[in-house]
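# A closer look at the structure
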Amino acid sequence: MLESIPAYKPGQKVVGPDGRSVKLSSNESPHGPLASVREAVSRAAADLNRYPDPGATELKAALAARLDVPEEHVTLGAGSVGLLQQLLEAVGEPGAEVVYAWRSFEAYPLLAELAGVTSVRVPLKDEVHDLDAIADAITADTRMVLVCNPNNPTGTAVREDELTAFLDRVPEHVLVILDEAYREYVRDPKVPDGVTLYRDRPNVAVLRTFSKAYGLAALRLGFLVGHPHVTAAVGKTLVPFAVNHLAQAAGIASLEAEGELLKRVAATVGERGRVRDALVEAGWTVPPTEANFVWLRLGEDTLDFAAACAEVGVSVRPFAGEGARVSLGTPEENDLFLSVATAYGKRR
């Protein structure tokens, strides 16, 4: 079985002829941790000889207070992708199906196959989740539906009226996971907050992460908000001590410094608008994005465009035959990418 499963391919780093390297392939924050977060990690490092709190009690309490939910509605894992693996293992059984849009987060099919769950992929419609088609794809064998909002890699988002209408159609026994890894970057007021939607829907849970907006990708920290029967099931599939001590300390410190962190998010959102406007002005078709990246539909030119970027030391995330996802970096990094995209667009 393992021989048939392709390995996950992380974003690559490239180096240009002048030694310059701009990594825009992994949706990382261009900002390092705040000083207060680094200090908290440094203090926590004194206890590396001890196992971490297996329940991440202090961090869980801080998240529950921040989100105004009961503590038993929160559980943590090694990144939101780790929690997704736990969810799939919890629902996995012979014949079980998971339904999701495609293209979406590339880990979905890999983790589903590892858990022995059958993937049902529903094509995007105009780069956005086709929720009606996803609802139509649900069968008696469906155990879980994944809605990536905003969607990775297109950056597009479904709005509240569409999503609530969809949730009303989903049978109560089917778990709906709202994957909101990029929630902090959303500015469209019509895009719903999953934590608001889950409250009166026992079959809805929300995935979020500290990797993106909080800039803690290296520490692998994510969390799920759901009703107790969901968090309890996820807890049973957690590898003991998966949420390490340093991650817990960094998460707590990040929540305490959230105001300052969100100023950085606002700066990235500003760059998002500037980069997209420049691409559109240069003749590119770029869907509106609510994440920290833009999507370029390139078709057969995708790998050639990625190679053109790599020539100057810029790495992007190509999906052969489809398009490229380009993360937002610093203004200087974005300008270098735009210089390549503008020149390439003129040749197309």
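Values in this document were obtained by computation on a predicted structure and should not be read as measured data.

With that settled, consider the overall build of the chain. Assigned secondary structure in the chain consists of 12 helices and 12 strands. In summary, the chain has a C-alpha radius of gyration of 20 Å against a globular reference of 20 Å for 348 residues, a match within 12%. Seen through its C-alpha atoms, the chain measures out along the principal axes to roughly 55 × 50 × 45 Å. Taken over 348 residues, the chain has a buried fraction of 53%. Restricting to contacts in the chain with at least 6 residues of sequence separation, those with at least 24 account for 73%. For the chain, the exposed surface amounts to about 15300 Å²; the carbon and sulfur share of it is 52%. Taking the 35 positively charged and 47 negatively charged side chains of the chain as two groups, their mean positions are separated by 4 Å.

For the rest of this paragraph, the subject is the pairing of strand β8 (residues 222-225). Burial along β8 is two-sided: the face carrying Gly222 and Leu224 and the face carrying Phe223 and Val225 are both buried. Both strand β2 (residues 74-77) and β8 contribute to a ladder of 4 bridges, which runs antiparallel. Residue threonine 75 lies in a different strand from β8, and its bridge partner there is leucine 224.

With that settled, the discussion passes to the packing of aromatic side chains. One pass over the full model with this rule turns up 12 aromatic pairs. Ring geometry for tyrosine 51 against phenylalanine 241: centres 4.6 Å apart, planes inclined by 20°, an arrangement best described as stacked. Here the residue tyrosine 51 occupies a position in the loop between α1 (35-44) and α2 (57-67), and phenylalanine 241 occupies one in the loop between α8 (228-236) and α9 (245-256), the gap between them amounting to 190 residues. The exposed category is assigned to tyrosine 51, whose relative accessible area is 69%. These aromatic residues form a ring-pair network of at least three members: Tyr100, Trp102, Phe105 and Tyr108. Just above the ring of tryptophan 102 sits the side chain of arginine 121; from NZ or CZ to the centre is 4.6 Å. It is arginine 325 that lies over the ring of phenylalanine 293; its NZ or CZ is 5.9 Å from the centre.

Feature annotation in UniProt assigns "modified residue: N6-(pyridoxal phosphate)lysine" (unreviewed entry) to the following positions: Lys212. By the secondary structure assignment, lysine 212 is in the loop between β7 (204-209) and β8. Relative accessible area serves as the criterion here: at 16%, lysine 212 is assigned to the buried category. When residues no more than four places from it in sequence are discounted, the contact partners of lysine 212 are Ser26, Asn27, Ser29, Ala181, Tyr182 and Tyr185.

The mixed open sheet is built from 7 strands, whose spatial order is β2-β8-β7-β6-β5-β3-β4. The sheet is open, and its two borders are formed by β2 and β4 (118-123), each paired with just one other strand. With direction set aside, neighbouring strand axes in the sheet form an average angle of 25°. Sheet analysis places β7 next to β8, joined by 4 bridges and oriented antiparallel. Note on β8: the bridge partner recorded for threonine 209 is glycine 222.

Cut-offs and rules
Residues numbered from 1 in each chain as written. Predicted model: local features only at pLDDT ≥ 70, side-chain atom pairs only at ≥ 80, totals over all residues. Heavy atoms only, no water. Helix = DSSP H or I, 4+ residues; strand = E, 2+ residues; numbered from the N terminus. Rg over C-alpha atoms; globule rule 2.2 N^0.38 Å. Buried < 20%, exposed > 50% of the residue type's maximum accessible area, 1.4 Å probe, protein only. Contact = heavy atoms within 4.5 Å. Areas by Shrake-Rupley, 256 points an atom, 1.4 Å probe, with all protein chains shown as cover. Lys, Arg positive; Asp, Glu negative; His and termini not counted. Charge placed at Lys NZ, Arg CZ, Asp CG, Glu CD. Pairing = 2+ DSSP bridges. Phe/Tyr/Trp six-rings, centres within 6.5 Å; stacked < 30°, edge-to-face > 60°. Lys NZ or Arg CZ within 6 Å of the ring centre and 35° of its normal. UniProt positions renumbered as here; feature names shortened; annotations may be inferred. Axes fitted to C-alpha atoms, helices over the stretch in contact; angles between N-to-C directions.

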